[in-house]
Amino acid sequence: MPDILPVHLAIIMDGNGRWAKQRKMPRIMGHKKGVDVVNKVVRHSSRLGIKYLSLFAFSMENWKRPGDEVGFLMRLLDEYIEKELTTILKENIRFTVTGQTELIPEGTRKKLLDAADRSAANTGMVLNLALSYGGRAEIADAGRRIAELAAAGRLKPEDITEDNFLEFMYHPEIPDVDLLIRTSGELRISNFMLWRIAYSELYFTDKLWPDITEDDIDEALEDFAGRTRRFGKTDEQIDT
Ligand code: IPE
Ligand code: IPE
Ligand code: MG
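Residues numbered from 1 in each chain as written. Chains lettered and ligands numbered in written order. Predicted model: local features only at pLDDT ≥ 70, side-chain atom pairs only at ≥ 80, totals over all residues. Heavy atoms only, no water.

The chain appears in an unreviewed UniProt entry as Isoprenyl transferase from Geovibrio thiophilus. As stated in UniProt under Sequence similarities (unreviewed entry), the record for the chain gives "Belongs to the UPP synthase family." (UniProt positions renumbered as here; feature names shortened; annotations may be inferred.)

### Structural notes on the packing of aromatic side chains
Taken as a whole, this structure holds seven aromatic pairs when the rule is applied. Their ring planes at 80° and their centres at 6.3 Å tell us that tyrosine 133 and tyrosine 170 sit as a pair that is edge-to-face. Linking tyrosine 133 in strand E4 (residues 126-133) with tyrosine 170 in the loop between helix H5 (135-151) and strand E5 (179-182), this pair joins segments that are 37 residues apart in sequence. Ring centres 5.1 Å apart and planes at 50° place the aromatic pair tyrosine 199 and phenylalanine 231 in the tilted group. Here tyrosine 199 is found in the loop between E5 and strand E6 (201-204), whereas its partner phenylalanine 231 is found in the loop between helix H6 (214-225) and helix H7 (235-239), with 32 residues between them in sequence. Given a relative accessible area of 47%, tyrosine 199 falls into the partly exposed group. Judged by relative accessible area, phenylalanine 231 falls into the partly exposed class, the value being 45%. (Phe/Tyr/Trp six-rings, centres within 6.5 Å; stacked < 30°, edge-to-face > 60°. Helix = DSSP H or I, 4+ residues; strand = E, 2+ residues; numbered from the N terminus. Buried < 20%, exposed > 50% of the residue type's maximum accessible area, 1.4 Å probe, protein only.)

### Side note on the layout of surface pockets
Each pocket or cavity is described by its volume, and for the largest pocket that value is around 680 Å³. The set of elements that each furnish at least two residues to the lining of the largest pocket consists of helix H1 (16-22), helix H2 (27-48), strand E2 (52-59), helix H3 (67-90) and E4. Tallied by class, residues from the lining of the largest pocket come to 15 nonpolar, eight polar and seven charged. Considered as a void within the structure, the second largest pocket measures approximately 230 Å³ in volume. Every residue along the wall of the second largest pocket is listed here: Glu162, Asp163, Leu166, Asp176, Trp195, Ala198 and Tyr199. A breakdown of the residues in the lining of the second largest pocket according to their chemical character gives four nonpolar, no polar and three charged. (1 Å grid on protein atoms, 1.4 Å probe; cavity = no way out; pocket = protein on both sides within 12 Å on 5 of 7 lines; lining within 4 Å. Points joined across faces, edges and corners; volume = space filled by probe spheres on them. Nonpolar A, V, L, I, M, F, W, Y, C, P; charged D, E, K, R; others polar.)

### Quick look at unusual backbone geometry
With phi around 55°, lysine 24 is a residue other than glycine that occupies positive phi space. Within the fold, lysine 24 resides in the loop between H1 and H2. Residue class for lysine 24 comes out exposed when judged on its relative accessible area of 77%. Positive phi, normally seen in glycine, also occurs at asparagine 92, with a value near 60°.

### A short note on empty space enclosed by the protein
Counted according to the given criterion, the structure contains two cavities of 30 Å³ or more. Approximately 90 Å³ is the volume found for the largest cavity. Taken together, Asn39, Val42, Arg43, Tyr80, Glu84, Thr87, Ile88, Glu91 and Ile93 make up the full set of residues lining the largest cavity. A total of four residues in the lining of the largest cavity trace back to one element, the largest contributor, which is H3. Contributing to the lining of the second largest cavity are Ile11, Ile181, Thr183, Thr205, Trp209, Ile212, Asp216 and Ile217. Classifying every residue of the lining of the second largest cavity by side-chain character gives five nonpolar, two polar and one charged.

Below, the structure written as structure tokens:
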């Protein structure tokens, strides 16, 4: 394994529908297979020593999909947390959910928040599941909180800086993304983690999410380890 690992690895898990279509199966079968891959990738990342793993599981925009697909995804999510909580706790993983969770059906939402509570003291990898998540919504929500605090006289506008803005976002303890992987060949961000990806390394693979294996993750990590991250500086500056 490479000696430089991303601290925060984020993945846009895309291509479930196409995976199913290739096999002449309904889209939902792709989502089902996708969950198995989630389990593999979570275990693998945790064992490698990744500190934060963010997985894009359902976007704000995905609410616009046909009702039966949304319903199936919500039930799958419910099943996932019900089944996997034991493993999460056993692997010392801290589970968090990021997004507008108030939109998630109440029973499922409760289970997710309960899993977050029960794993809160864990010291291993943070598994951050992005659900009902939109990058712009997160930034707009932060703007609203800042405005409310300022209006209440608890914050001065000049106190807001680029460095402390994250404090107003969802889960401010989760740092910038170092490596962002997107599967399925699409070359776009689809509104994921906008604030935290400002200086991320991007990695795209044509493989569909249900086909992803531990080796594919290792390949992306190897690639990341070979990148030069300058953050605006020159090569000479970062060598010293
Ligand atoms: C990603 O796979 C999972 C979700 C967005 C919930 P898709 O369902 O987007 O699969 P494609 O892109 O249609 O193949
Ligand atoms: C992004 O995939 C969201 C998730 C992976 C959960 P989409 O399939 O929704 O993205 P677009 O609409 O093709 O950009
Ligand atoms: Mg898609």
